[in-house]
Every structure is written in C-alpha cells, then in structure tokens.
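Given next are the chains, with one letter for each unit.
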Amino acid sequence: MRMQWLCLASLTVTAVEAEVFDVTKHGAKGDGKTRDDGAIEATFRACAATASGAGTGTGSREVLFPAPGTYITGPWELACNNSVVTIEPGASVVSFTANGSTQGWPIGALTSPEPSQGLTDKQAAPFILSHYARNVTLRGGGTLDAGGRPFWHESCGNWWCPKWAGPRVSPKSPYAWRPFMLRIDHSTGIAIEGLRFEATAFWCIVPVHSEHIEISKLVRLTSTCALAAHFLIQI
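Along each chain, numbering runs from 1 in the same order as the chain's sequence is written. Only residues with pLDDT of at least 70 are given local features in this predicted model, and only at 80 or more are side-chain atom pairs given and counted; all residues enter the totals for whole chains, interfaces and linings. Only hydrogens and water are removed before side-chain values are computed, so all heavy atoms of the structure are retained for them.

(A) The overall build of the protein, seen in detail. Only runs of H or I of at least four residues qualify as helices and only runs of E of at least two qualify as strands under DSSP, and these elements are numbered from the N terminus. A tally of regular secondary structure across the protein gives four helices and 16 strands. Across the protein, contacts joining residues at least 24 apart in sequence account for 65% of those joining residues at least 6 apart. Per-residue and other accessible areas were derived by the Shrake-Rupley procedure at a 1.4 Å probe size, with only the shown protein chains allowed to occlude residues. Accessible surface, the protein: about 11900 Å² in total, of which carbon and sulfur atoms supply 54%. Here a residue-residue contact requires only that any non-hydrogen atoms of the pair lie within 4.5 Å.

(B) Region of the structure containing the pattern of salt bridges. Throughout this description, the term salt bridge denotes a Lys or Arg side-chain nitrogen within 4 Å of a carboxyl oxygen of Asp or Glu. In the structure shown here, the tally under the stated rule is five salt bridges. As a salt-bridge pair, Asp37 and Arg35 come within 2.8 Å of each other at their nearest N and O atoms. Only protein chains enter the calculation, and the probe is 1.4 Å; a residue is then buried if its accessible area is under 20% of its type maximum, exposed if over 50%, and partly exposed in between. Among the residues examined, Arg35 registers a relative accessible area of 45% and is labelled partly exposed. Among the ionic pairs, Arg139 bridges to Glu62, the shortest N-O distance being 3.7 Å. Here Arg139 is found in strand β9 (residues 134-139), whereas its partner Glu62 is found in strand β3 (residues 61-65), with 77 residues between them in sequence. On the accessibility criterion, Arg139 (32% relative accessible area) is partly exposed. Looking at Glu62, the relative accessible area reads 13%, which means it is buried.

(C) Representation of the nonpolar core within the structure. Counting 41 residues, the largest nonpolar core has Phe65, Trp76, Val85 and Leu144 as the members making the most contacts within it. The biggest single contributor to this core is helix α1 (residues 37-49), with four residues. Only buried residues count toward a nonpolar core. Its members are Ala, Val, Leu, Ile, Met, Phe, Trp, Tyr and Cys residues joined through side-chain atoms within 4.5 Å.

(D) Layout of the confidence of the model for the protein. The share of residues in the protein with pLDDT of 70 or more is 66%, and the mean pLDDT across the chain is 77. Contacts from residues 226-235, a stretch scored under 50 in pLDDT, to residues over four places away or in other chains number 17 contacts. Values of pLDDT, ranging from 0 to 100, describe the predictor's confidence in every residue of the model.

(E) A look at the state of the cysteines. Throughout, a disulfide means two cysteine sulfur atoms within 2.5 Å of one another. Inspection of every chain in the model, using the stated rule, returns one disulfide. Between Cys47 and Cys80 runs a disulfide, and the two sulfur atoms are separated by 2.0 Å. Between Cys47 and Cys80, the disulfide has an S-S torsion of -65° and is therefore left-handed. Of this pair, Cys47 sits in helix α1 while Cys80 sits in the loop between β5 (76-77) and β6 (83-87), placing them 33 residues apart in sequence. Cys47 sits in the buried class, given a relative accessible area of 0%. With relative accessibility at 0%, the residue Cys80 sits in the buried group.

(F) Region of the structure containing α1. A helix's residues, less one, multiplied by 1.5 Å, set its expected span. The end-to-end C-alpha distance of α1 is 18 Å, a good match for the 18 Å that 13 residues give at a rise of 1.5 Å each. Among the residues making up α1, those that are buried are Ala39, Ile40, Ala42, Thr43, Phe44 and Cys47. Those residues of α1 that are buried are in contact with β1 (19-22), β3, β4 (69-73), β5 and β6.

(G) Broad picture of the sheet that holds strand β12 (residues 188-193). Here we have six strands laid out as an open sheet, ordered β1-β3-β6-β9-β12-β15, and parallel in their pairing. The open sheet has two edge strands, β1 and β15 (211-216), and neither has a second partner. Each neighbouring strand pair of the sheet contributes to a mean axis angle of 15°, computed without reference to strand direction. Two strands pair when backbone bridges link them, and β1 and β3 are joined in this way by four bridges, in the parallel orientation. Strands were regarded as paired on the criterion that DSSP finds at least two bridges between them. Only C-alpha atoms enter the line fits that serve as axes; for helices the fit covers just the stretch in contact. Angles between N-to-C directions range over 0 to 180 degrees.

Next up, the structure:
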C-alpha cells in the first residue's frame, strides 16, 4: 500500500509591539505646575521621525501620557500619523488657561487653505489640533481639560472674545471666536475613545473637511460641553 503524506508548513505570526514615545522621557514633568508644551511637541516630533508605522493602520507607534500626571500645556497637535495617543486613566492634559488667565493664548498660530473655516490669523488656536492627520487614535481613559472658564468670563456671553482678543479684532467679528476643544481639519481615520472632556472654551469636537471620524466610549462630556451639544460635531 502506497502512502502519501501531506506536510503542512507551520506559520508563526508575531505581533508587532507599538513603539512607545513617553512624554516624560522627552522632558515632561506632569507635576501640574510646569509647562510641558516643549516636551509634548518633542515627543510628537520624535514619533513622526521614525520609519516604523509607515503603513495605513494605527497602532505601530504610541505617544503616551502616563499616569499619574497632570500635563500643563498650550495648544498641541496630533502630529504623528499612523499612531495611537494614549492618555492613561489618572492622567490629565490641561490647558494653562485653567489657572484663570487667557494671557498668552495664541491667535494666528495656525494656517489653513480654508480661512473661512476658522483657522485664520484672527482665530484662536484650538486646544488640540488634527491638521492633515492620517490614522490617529486618541484614547486612554484620561482627561482633556481645555481650561475654558476664563474665556467664558471674557466673552460677554457670546461666541466671541472681545476682551481677550484685544484691539486686533472687532467685538462682532466671528474670527474672535473662542478656541475649540478639538479641531479635526483635513484629516482622515481619526478615532476618539474612552476620554473625559472638561471645560471647553467653545465647541467640543469640530471635524471640517475630514472623513472616517469615529467617536466612541467617551467617559463623559461634562456640562460645559453639553452647553454646545448641537455643535458637538460640525461637518
């Protein structure tokens, strides 16, 4: 009797671990007092400079805000494509305006091919910006605090901020608008999950000229965001 054997090759698939870029390894203190703007920017710059994560999916690179930690910053950008940005439970990224003053918040720090959409030289920078970003997930169970209360007090009860904006803009100009919490501009494949949003100065999550945006499992949008619930997502 002739026997034939079929040999099957065994294939082993090895999961590729994400390359982690910890903001504390790039100088962030997370002590609730020190400005960590430079360290956060340096972390994203290091992430973007790596050769890994060049594919179309997320997860091969991770920018990490570890807990415990309160990271004080001005506007910051999701500036590393094909990545995951994790704010761990017990960690907070907090605007420096949470100290009660809007002094130093930038106007005209951003540029866009669509000035009518609010990124102009007379528009407040958003707390977080996704600008021409691709495949970025913002997640983790931590807190994003945009420090918006001082902007409310200076806005005369309306959308614009004449006192804060100063003489550069008309009190009735729409370009004196308070800063958004998260601006998603000309981006695709952006996911937001499991985070707590606090104290936005204006609209919470504002996608413009973007596609494939997924928002899920938010821990809570506080009442300050709920005030602008009908503007939660504007496309």
